[in-house]
Amino acid sequence: MATNTKYRAKKADINGFIHYSDRDNTTWKILIERQLTLIENRACNEYIIGLRDLDLPRLHIPQLADIDDKLGNATGWRTEAVSALISFERFFTLLANKKFPVATFIRNRDELDYLQEPDIFHEIFGHCPLLLDPDFASFTENYGKLAKRASKEDRRYLARLYWFTVEFGLLDTDSGLRIYGGGILSSKQETLYALTSEKPHRVNFNIMDVLRTPYRIDVLQEVYFKISSMQELSKISQLDLLKMVANAKELGLYSAS
């Protein structure tokens, strides 16, 4: 994973408290109020329940210790303060140990709508609510354990599994399509685009298709994969995924559009 970024993580004081500027807190307020309006009837119920239970502040960036208390009580997870970008090895190790990496900076105002690096809003608002869901939490932990022991080449295939689920996954419900991917839920543009645009393909989840589908991080997604329930995620993580990766490598990647 590249480590070139203009952002620097905020450091906690001796009491573990991270001091954010008024500008940082105002940026958080703008982002969370905007997304809370957009995700109504678009986010999946499991996310909405987790968001309610996290009870994130509106006016300031939360302290990680407050997030940890709620995650720990629900599923045994906690956060881990990290730099803006970390190595794959550390990322997988943290997930395998039920620690979700959180970069402790927030984006600049001129990058309000799009940021390549994951900032604290993306990590906390986008991902942490679903870590209170047992099936999602189990999938994320098992993914970390699997990717940690995988080869460098295999990890490139496994990265697609994470991308098309944790980051950009959709859930097919009785009420229609709903979002569970944190990369969508933390983005104003992608939240609207993922469910309403006629441009992307929305297809049923198939593990071989997921492993063989290229993606880009700098554009709105061209394809979204739909699962039928959070339980499906947990079942996916119990498959012999490295064997499936070997099959995907033999078949090769699909052509990028």
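Throughout this document, residue positions are counted from 1 along each chain, in the order its sequence is written. Note on the predicted model: pLDDT of at least 70 is required for a residue's local features to be given, and 80 or more for side-chain atom pairs to be given and counted; whole-chain, interface and lining totals, by contrast, use all residues. Heavy atoms from the whole structure form the basis of all side-chain values; hydrogens and water molecules are not counted.

> In this structure, what is going on with the environment of Leu 130? I would like to understand it.
By the element assignment, Leu 130 lies in the loop between helix H5 (120-127) and helix H6 (134-149). The class for Leu 130 is buried, based on a relative accessible area of 1%. Spatially, the C-alpha atoms of Leu 130 and Gly 252 are 32 Å apart, while their sequence positions differ by 122 residues. Note on definitions: a residue-residue contact is assigned when non-hydrogen atoms from the two residues lie within 4.5 Å. Aside from chain neighbours lying at most four places away, what touches Leu 130 is Cys 44, Glu 46, Tyr 47, Phe 136, Ala 137, Tyr 180 and Met 230. The helix count covers DSSP runs of H or I at least four residues long, the strand count covers runs of E at least two residues long, and both are numbered beginning at the N terminus. To sort residues, take the accessible area from a 1.4 Å probe on protein chains only and compare it with the maximum for the residue type: under 20% means buried, over 50% means exposed, and anything in between is partly exposed.

> Sorry if this is basic, but what is going on with the pairing of strand E3 (residues 170-173) here?
Each regular strand carries side chains that alternate between the two faces of the sheet. In this analysis, strands are considered paired if DSSP registers two or more bridges between them. In this sheet, strand E4 (residues 176-179) lies alongside E3 in antiparallel orientation, the contact comprising 4 bridges. Considered in E4, the bridge of Thr 173 is made with Gly 176. Connecting E3 to the next strand, E4, in antiparallel fashion are 2 residues. As paired elements, E3 and strand E6 (residues 223-227) share 2 bridges and run parallel to each other. Considered in E6, the bridge of Leu 171 is made with Ile 227.

> Would you take a moment to explain the pattern of salt bridges for this structure?
A side chain with one charge can pair with a side chain of the opposite charge if their charged atoms come near. A pairing counts as a salt bridge when a side-chain nitrogen of Lys or Arg comes within 4 Å of a carboxyl oxygen of Asp or Glu. Tallied over the full model, the rule gives 13 salt bridges. Of the charged contacts, one joins Arg 34 and Asp 113 as a salt bridge, the two residues approaching to 2.8 Å between their closest N and O atoms. Residue Arg 34 is found in helix H1 (residues 22-38), and its partner Asp 113 is found in the loop between strand E2 (99-103) and H5; the two are separated by 79 residues along the sequence. Where Asp 218 meets Arg 216, a salt bridge forms, and the shortest distance between an N and an O atom there is 3.0 Å. Because the salt bridges share partners, they merge into one network encompassing Glu 153, Asp 154 and Lys 249.

> Sorry if this is basic, but what is going on with the state of the cysteines here?
In a disulfide, the sulfur atoms of two cysteines are covalently bonded to one another. When two cysteine sulfur atoms lie within 2.5 Å, the pair is treated as a disulfide. One pass over the full model with this rule turns up 0 disulfides. Between Cys 44, a cysteine without a disulfide, and Cys 128, which holds the nearest cysteine sulfur, the sulfur-to-sulfur distance is 15 Å. Since its relative accessible area comes to 0%, Cys 128 is described here as buried.

> What am I meant to see in the nonpolar core here?
When a protein is soluble and globular, its nonpolar side chains tend to lie buried together. In this structure, Tyr 47, Leu 56, Ile 124, Leu 161 and Tyr 180 are the most contacted members of the largest nonpolar core, which totals 78 residues. Looking at this core, the element that brings in the most residues is helix H7 (residues 152-167), giving 7 residues. What is meant by a nonpolar core is a set of buried Ala, Val, Leu, Ile, Met, Phe, Trp, Tyr and Cys residues, joined one to another through side-chain atoms within 4.5 Å.

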